Amino acid sequence: WQNDVIKYMSFFSNKWYTMIDYIWKEGTHLKIAISSDHGGNNLRKEIMALLDELAISYEDFGPQNDDSVDYPDYARPVAERVAAGEFDRGILICGTGIGISIAANKFKGIRCALVHDVFSAKATRCHNDSNILAMGERVIGPGLAREIVTTWLNTEFEGGRHVRRVEKISELEA
Ligand code: RB5
């Protein structure tokens, strides 16, 4: 019976974790940091318009013109601030989403998911507690990108067995 008690206690503590996480991090409290390189400028503007429509607060880390830039320089401000807890989540966009996601994942505490479908947007929040979403402007259209962002913002981390796995990702950083 001891095992059953432990199982029930862990079940309820996970529920509390999820609830507290939801209350503090989701909904009106969510603060987003966003940036792109030149290859993601148009989609970044589209996503900022979406965040305005959803009344979600965000800070734009550029770039402010269409000059050719290097994506690691634009991954850095977003990744650093999300890792520091200044923002709840980040959104990064480049041509493919690949370079900017690789760069973001170099920062301790960052779990950046490159997503081009709605299923993965949901799954990476539920299972990986991803704190940055990366997309490629040259890969998907604005309509799908909007759906991905909306799903990713509205999906909670499931907790439970996934906590252990996410903790093991953190251990890899040490
Ligand atoms: C820029 O031309 C392009 O290489 C960049 O946006 C991205 O796709 C890199 O992964």
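Everything numeric in this text was worked out from a predicted model, so none of it was measured.

Definitions and cut-offs
Residues numbered from 1 in each chain as written. Predicted model: local features only at pLDDT ≥ 70, side-chain atom pairs only at ≥ 80, totals over all residues. Heavy atoms only, no water. Buried < 20%, exposed > 50% of the residue type's maximum accessible area, 1.4 Å probe, protein only. Helix = DSSP H or I, 4+ residues; strand = E, 2+ residues; numbered from the N terminus. Pairing = 2+ DSSP bridges. Right-handed = clockwise from strand over helix to strand, strands pointing away. Patch = residues over 30% accessible without salt bridge, like charges linked within 9 Å, V, L, I, M, F, W, Y side chains within 5 Å. Areas by Shrake-Rupley, 256 points an atom, 1.4 Å probe, with all protein chains shown as cover. Salt bridge = Lys/Arg side-chain N within 4 Å of Asp/Glu carboxyl O. Axes fitted to C-alpha atoms, helices over the stretch in contact; angles between N-to-C directions. Parallel < 35°, antiparallel > 145°, perpendicular 65-115°, else oblique. Left-handed = near helix turned anticlockwise from the far one by under 90°. Contact = heavy atoms within 4.5 Å. Nonpolar A, V, L, I, M, F, W, Y, C, P; charged D, E, K, R; others polar. Phe/Tyr/Trp six-rings, centres within 6.5 Å; stacked < 30°, edge-to-face > 60°. Core = buried A, V, L, I, M, F, W, Y, C linked by side-chain atoms within 4.5 Å.

Participant: Provide a residue-level description of the pairing of strand 5 (residues 132–136), including the pertinent values.
Facilitator: Side-chain positions along a regular strand alternate between the two faces of the sheet. Within strand 5, 5 of the 5 residues are buried, leaving the element largely enclosed by the surrounding structure. Alternating residues of strand 5 divide into Ile132, Ala134 and Gly136 and Leu133 and Met135, and every residue in both groups is buried. Where strand 3 (residues 89–94) lies against strand 5, 5 bridges are found, and the strand directions are parallel. Paired with Leu92 across the two strands is Ala134, which belongs to strand 5. Across 3 bridges, strand 4 (residues 112–114) lies against strand 5 in parallel orientation. The residue bridging Cys112 from the neighbouring strand is Ile132, located in strand 5. For the crossover that starts at strand 4, traverses helix 5 (residues 118–128) and ends in the parallel strand 5, the hand is right-handed.

Participant: Give me the lowdown on a nonpolar patch on the surface, citing residues and values where you can.
Facilitator: Together, Ile98, Ile102 and Leu114 line one region of the surface with nonpolar side chains, adding up to about 260 Å² of accessible area. Tracing the sequence through the fold places Ile98 in helix 4 (residues 98–104). For Ile98, a relative accessible area of 44% corresponds to the partly exposed category.

Participant: Any chance you could break down the pattern of salt bridges for me, citing the residues and the numbers?
Facilitator: All told, the structure shown has 7 salt bridges when counted by the stated rule. Ionic pairing is found between Arg146 and Glu53, a salt bridge with its closest N-O pair at 3.0 Å. Here the residue Arg146 occupies a position in helix 6 (residues 142–154), and Glu53 occupies one in helix 2 (residues 41–53), the gap between them amounting to 93 residues. Of the charged contacts in the structure, one is a salt bridge between Asp129 and Arg125, with a shortest N-O distance of 2.8 Å.

Participant: Which residues make up the packing of helix 2 against helix 6, and what are the values?
Facilitator: Relative orientation of the contacting elements helix 2 and helix 6 amounts to 50°, with a least axis distance of 10 Å. The pairing of helix 2 with helix 6 is recorded here as oblique in orientation. For the element pair helix 2 and helix 6, the recorded crossing hand is right-handed. Side by side, helix 2 and helix 6 meet where Leu43, Glu46, Ile47, Ala49, Leu50, Leu51 and Glu53 of the first sit next to Pro142, Ala145, Arg146, Val149, Thr150 and Leu153 of the second. Among the residues making up the contact of helix 2 with helix 6, the classes are represented as 9 nonpolar, 1 polar and 3 charged.

Participant: Go over the pairing of strand 1 (residues 31–36), please, and point to the residues and values.
Facilitator: Among the 6 residues of strand 1, 5 are classified as buried, and the element is accordingly described as predominantly covered. By the bridge criterion, 4 bridges tie strand 1 to strand 2 (residues 57–60) in an arrangement that is parallel. Within strand 2, the position partnered with Ala33 by the bridge is Glu59. Once you follow strand 1 into helix 2 and on to strand 2, the crossover reads as right-handed. For strand 1 and strand 3, the ladder comprises 5 bridges, and the chain directions are parallel. If you follow Ser35 over to strand 3, its bridge partner there is Leu92.

Participant: With reference to specific residues and values, describe the packing of aromatic side chains.
Facilitator: Tallying each qualifying case throughout the model produces 1 aromatic pair. Arranged with centres 5.8 Å apart and planes meeting at 85°, the rings of Phe61 and Phe87 form a pair that is edge-to-face. Linking Phe61 in the loop between strand 2 and helix 3 (71–83) with Phe87 in the loop between helix 3 and strand 3, this pair joins segments that are 26 residues apart in sequence. Exposure class is identical for Phe61 and Phe87. Each is buried.

Participant: Now, about the nonpolar core: what can you tell me, with residues and values included?
Facilitator: Core analysis: the biggest nonpolar cluster contains 22 residues, and Ile47, Ile91, Met135, Val149 and Leu153 have the highest contact counts within it. Elements with a contribution of two residues or more to this core: strand 1, helix 2, strand 3, strand 5 and helix 6. Every residue in contact with Ile91, bar those within four places of it in the chain, is listed here: Ile32, Ala33, Ile34, Ser35, Ile47, Val78, Ile132, Leu133, Met135, Val149 and Trp152. Core analysis: the next-biggest nonpolar cluster, separate from the first, contains 17 residues, Val82, Leu92, Phe107 and Ala134 among them.

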